[in-house]
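Understanding the architecture of this molecule
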Amino acid sequence: MGFEATAVFDTVDLVGVLANGLLGGAVARQLRFDPIGFLVLAVLSALGGGMMRDTLLQHGFPVALTNPAYLLIAMVGAAVAFVVRLDGVWATRVLLVADSLSLGCWSATGTAKALGVGLGWLPAILLGLLTAVGGGMVRDIAVGRLPAIFGGNTLYATGALIGSAEMALLYPLGLGTLGFALAIVTGSAVSLIARRRGWRLPEPVELRLGALPGWRWPRRRPGAAGSRGGKRHG
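Only a predicted model underlies this, so the values are computations on that prediction, with no experimental measurement involved. (Residues numbered from 1 in each chain as written. Predicted model: local features only at pLDDT ≥ 70, side-chain atom pairs only at ≥ 80, totals over all residues. Heavy atoms only, no water.)

Below, the discussion takes up the confidence of the model for the protein. Scored by pLDDT, the protein comes out at a mean of 86, with 87% of its residues at no less than 70. Low pLDDT, under 50, characterises residues 230-234; the stretch is placed with zero contacts to residues that sit more than four places away or in other chains. (pLDDT = per-residue confidence, 0-100. Contact = heavy atoms within 4.5 Å.)

This brings us to a nonpolar patch on the surface. A cluster of nonpolar side chains, L18, L72, V76, V80, F82, V83 and V84, forms an exposed patch at the surface whose accessible area comes to about 570 Å². At five residues, the largest contribution of residues to the nonpolar patch is made by helix α4 (residues 68-83). (Patch = residues over 30% accessible without salt bridge, like charges linked within 9 Å, V, L, I, M, F, W, Y side chains within 5 Å. Areas by Shrake-Rupley, 256 points an atom, 1.4 Å probe, with all protein chains shown as cover. Salt bridge = Lys/Arg side-chain N within 4 Å of Asp/Glu carboxyl O. Helix = DSSP H or I, 4+ residues; strand = E, 2+ residues; numbered from the N terminus.)

Between its first and last C-alpha, helix α2 (residues 35-57) extends 32 Å over 23 residues, near the 33 Å set by a 1.5 Å rise per residue. By the largest-angle criterion, L47 marks the main kink of α2, which is about 60°. Capping the start of α2, D34 holds a side-chain oxygen 3.1 Å from the backbone nitrogen of I36, two or three residues further along. (Expected span 1.5 Å × (residues − 1). Bend = angle between axes of the 7 residues up to and from the residue. Polar contact = N/O pair within 3.5 Å; in protein donor to acceptor, adjacent residues only side chain to side chain.)

Counted under the stated rule, the structure contains four salt bridges. When the shortest N-O distance is used, the salt bridge between D54 and R53 registers 2.9 Å. A residue is classified by how much of its surface remains accessible, and R53, at 5% relative accessible area, is buried. A salt bridge links D87 to R85; the nearest nitrogen and oxygen atoms lie 2.7 Å apart. Residues D87 and R85 agree in their burial class; the two are exposed. Salt bridges here are not isolated pairs; linked through shared partners, they connect R53, D54 and K113. (Buried < 20%, exposed > 50% of the residue type's maximum accessible area, 1.4 Å probe, protein only.)

Here it is as structure tokens:
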């Protein structure tokens with residue numbers, strides 16, 4: 001990967017850390033947490049997915065702990081959210097775009113790291129997905145909320161899943177840079193368009209076996225068991 005491409009992807013990565021730190025701080029503001037609560041939620045939201053990925057891979061310390069820029073930027077996000085209300089129209093739009101860009105970047109990063117240590121394509125895709133959505137999931141669980149990625153919202157994890165699959169396809173071919181670029185474009189596009197148009201995954205289908213045509217449970221006739229096992233009287 002060339003120097004310029006690496007700089008672009010690192011920038012998108014850190015922008016995503018800041019955006020998710022701000023999102024975690026915004027949740028803390030809604031729940032009227034103190035500064036420690038802001039800090040914890042910002043760090044969980046911004047770095048939780050990557051830390052879980054690195055812990056599962058067991059190849060050195062998590063990057064969030066070895067590169068001081070990650071923790072510092074997450075803390076900056078917490079501080080900004082503590083001082084500034086982020087519920088305005090333009091603030092919401094900027095955060096949405098930054099979060100959508102990081103979604104694809106993180107899914108590609110997680111998948112590439114998993115493939116790089118020798119995992120197969122399926123667990124690599126799952127770790128890419130975990131990297132992208134794990135922080136938000138942990139944040140929601142920490143405050144007692146049902147994680148947003150589990151349903152009822154527009155497509156989000158779907159974009160990360162597509163980005164992970166693209167990287168899993170291109171990385172073994174030596175096209176990691178293209179995989180990163182496609183994942184960022186795809187992840188952000190799916191997330192933003194789904195939010196704009198209200199796209200959601202389908203809800204569970206209610207199918208009852210008793211309602212299938214021609215399906216009948218066998219019914220035992222009254223007294224049938226007794227007539228087989230009892231004595232005959234003649």
